[in-house]
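Structure assessment
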Amino acid sequence: MSKTEKLIILIINTLLCSGAIVLTATLMQGWGVLVSIICYALPCIGFVVGIVAFALNKQVILKSCVVVMVCIFMMICAIAVTSKIAHLEQYKTDEEKIKKLTELIRNTGEWGMVVFVVIQILQVVILPIPAVVCYVPGSQIWGAGIATLLASLGVVIGSTIAYCIGKFFGRKAVVWIAGKETTEKYINYIGNRGKIIFILMQVLPFFPDDILCMIAGLTAMSFPFFIITIILVRPLVIILYCYLGEGTIIPFHGWGIPVWITIFVVAVVLAILSFKYQDKVEKWLFVRFKRKKKESEAKEEDNTTE
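Summary of the structure given here. (Residues numbered from 1 in each chain as written. Predicted model: local features only at pLDDT ≥ 70, side-chain atom pairs only at ≥ 80, totals over all residues. Heavy atoms only, no water.)

**Some remarks on the overall build of the protein**
Operational definition: Secondary structure elements are defined from DSSP: runs of H or I of at least 4 residues count as helices, runs of E of at least 2 residues count as strands, and each element is numbered from the N terminus. Three exposure classes are used, based on accessible area relative to the maximum for each residue type with a 1.4 Å probe and protein chains only: buried under 20%, partly exposed in between, and exposed over 50%. By definition in these notes, contact holds between two residues if any of their heavy atoms fall within 4.5 Å. Values of accessible area rely on a 1.4 Å probe in the Shrake-Rupley scheme; residue burial ignores everything except the protein chains shown.
Looking only at helices and strands, one finds 11 helices and zero strands in the protein. Helices (α) and strands (β) of the protein occur, in sequence order from the N terminus, as α-α-α-α-α-α-α-α-α-α-α. Per-residue burial over the protein gives 38% buried out of 306 residues. A separation threshold of at least 6 residues defines the contact pool for the protein, and within that pool the share at least 24 residues apart is 73%. As displayed, the protein has an accessible area near 17100 Å², and 70% of this comes from carbon and sulfur atoms.

**Considering the nonpolar core**
Inclusion rule: Side-chain atoms within 4.5 Å are what join buried Ala, Val, Leu, Ile, Met, Phe, Trp, Tyr and Cys residues into a set we call a nonpolar core.
In this structure, Phe 198, Met 201 and Phe 226 are the most contacted members of the largest nonpolar core, which totals 41 residues. When contributions to this core are tallied by element, the ones reaching two or more residues are helix H5 (110-125), helix H6 (131-142), helix H7 (144-178), helix H8 (180-203), helix H9 (209-216) and helix H10 (223-245). The element best represented in this core is H7, accounting for 11 residues.

**A closer look at the packing of helix H1 (residues 3-27) against helix H3 (residues 59-85)**
Cut-off, in case you're wondering: Here the axes come from fitting lines to C-alpha atoms, over the contacting stretch only for helices, and the angles between their N-to-C directions go from 0 to 180 degrees. Convention used here: angles under 35 degrees read as roughly parallel, angles over 145 as roughly antiparallel, angles from 65 to 115 as roughly perpendicular, and any remaining angle as oblique. The crossing is said to be left-handed when, going from far helix to near helix, the turn is anticlockwise and less than a right angle, and right-handed when the turn is clockwise. Gly is put with the polar residues, along with every residue not named as nonpolar or charged; the nonpolar set is Ala, Val, Leu, Ile, Met, Phe, Trp, Tyr, Cys and Pro, and the charged set is Asp, Glu, Lys and Arg.
Orientation of H1 relative to H3, taken along the N-to-C sense of each, is 20°, at an axis distance of 9 Å. Classed by the angle they form, the pair H1 and H3 counts as roughly parallel. Judged by the twist between their axes, the crossing of H1 over H3 is left-handed. On the side of H1, the interface is formed by Lys 6, Ile 9, Leu 10, Ile 12, Asn 13, Leu 16, Cys 17, Gly 19, Ala 20, Leu 23, Thr 24 and Leu 27, while H3 contributes Gln 59, Leu 62, Lys 63, Cys 65, Val 66, Met 69, Val 70, Phe 73, Ile 76, Cys 77, Ala 80 and Lys 84. Across the contact of H1 with H3, the residue classes break down as 17 nonpolar, four polar and three charged.

**A word on the state of the cysteines**
The following threshold applies: In this description, the term disulfide denotes a pair of cysteine sulfurs within 2.5 Å.
What the rule picks out here adds up to zero disulfides. There is no disulfide at Cys 65, and the cysteine sulfur nearest it, in Cys 17, is 6.0 Å away. Judged by relative accessible area, Cys 65 falls into the buried class, the value being 8%.

**Digging into helix H2 (residues 33-55)**
Note the following rule: Multiplying 1.5 Å by the helix residue count minus one yields the expected span of that helix.
With 23 residues, H2 should reach 33 Å at 1.5 Å per residue; the first-to-last C-alpha distance of 33 Å fits that figure. Inspection of H2 places Leu 34, Val 35, Ser 36, Cys 39, Ala 41, Leu 42, Pro 43, Gly 46, Gly 50 and Ala 53 among the buried residues, and these make up the whole buried set. Positive phi shows up at Asn 57, right after H2, with a value of about 60°.

**Focus on the side chain of Gln 120**
Here Gln 120 lies in helix H5. Since its relative accessible area comes to 0%, Gln 120 is described here as buried. Residue contacts for Gln 120: discarding those within four places in its chain leaves Cys 134, Tyr 135, Leu 150, Ala 151, Gly 154 and Val 155.

**With respect to H7**
What counts here: Throughout, the bend at a residue refers to the angle made by two axes, fitted to the seven residues ending there and to the seven starting there.
Compared with an ideal rise of 1.5 Å per residue, which puts 35 residues at 51 Å, H7 spans 32 Å between its outermost C-alpha atoms and falls more than 12% short. In H7, a bend of some 130° at Gly 170 exceeds every other bend along the element. Directly after H7, the chain includes Gly 179, whose backbone phi takes a positive value near 100°.

**Re a nonpolar patch on the surface**
The cut-off we apply is this: Patches were defined on residues exceeding 30% relative accessible area and lacking a salt bridge, with like-charge contacts within 9 Å and nonpolar side-chain contacts (Val, Leu, Ile, Met, Phe, Trp, Tyr) within 5 Å. For this document, the term salt bridge refers to a Lys or Arg side-chain nitrogen within 4 Å of an Asp or Glu carboxyl oxygen.
Together, Trp 111, Val 114, Val 118, Leu 122 and Ile 126 give the surface a local cluster of nonpolar side chains, amounting to about 510 Å² of exposed area. Tracing the backbone through its elements, the reader meets Val 114 in helix H5. Accessibility expressed as a relative area gives 44% for Val 114, which makes it partly exposed.

**Some words on the packing of aromatic side chains**
Counted only if it meets this: Between the rings of Phe, Tyr and Trp (Trp by its six-membered ring), a pair exists once the centres lie within 6.5 Å; its type follows the angle of the planes, with under 30 degrees stacked, over 60 edge-to-face, and the other angles tilted.
Enumeration over the complete set of coordinates arrives at four aromatic pairs. Relative to Phe 226, the ring of Phe 223 has its centre 6.3 Å away and its plane inclined at 35°; by these criteria the two rings are tilted. Taken together, the residues span about one helical turn, with Phe 223 and Phe 226 both in helix H10 at a distance of three residues. Overall, the relative accessible area of 0% leaves Phe 226 in the buried class. Ring pairs connect the aromatic residues Tyr 163, Phe 223 and Phe 226, which therefore count as one cluster.

Here it is as structure tokens:
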């Protein structure tokens, strides 16, 4: 990617961030503090991430940031337009507004559930949407239990499609989607260090688990092992998001507002730290795992010799 292309992507990202802020300021009036903070904070974070990714020449992150900002921009547009059409300004609290929105979506019946599952599939294969944006709305609409099942179904299908992209379309397709540097780095990790490291990658938050599904398809990893790992591991994170996002454990009003703000700030700080120290953490993890693997292989050789 040339410098001009990267600059164009950065400009698009900046325009999307600015547009989201303008929409929030003009059409999201009447919403409470928590929703307003989120609607303002997400574009600001997107702007900062875009600038940093451009400066550090992180092409995949820059492109992903634009895709995420498109989703955020559309989400704010949808909420703003629905607010006007459904006259949500007549409801005093955010809880009442959200309840009305969930009723509108719930009234769509099975079609709403199908759309929710499709969104989960797309966020694995195409759209790098943050998990909280995908899972929390579902738990608000259908409850944590049903949302977990629907989201898990979508993620399993999406992960299978991602694996098949790597298996049947090959390295060129994965490089086009994930970038050459990312593909070569992780295919080396997964290919040389086997199945356990893949499981760890799916659990730990700073690894691109969706991209790893595509890269797994490039390796000798069997599909039965892959799909069993996805079914057993990925829903664990989904359950956490859905049950927290339902608002029964930590409410979205009263004492819950400062708690959610704190969680949001901590999440942003952790995201920044993981972005900054990701390479160091990866090297430490892989060196440690490689050492253990060599020790186990040495023990096996000793046993064989005896």
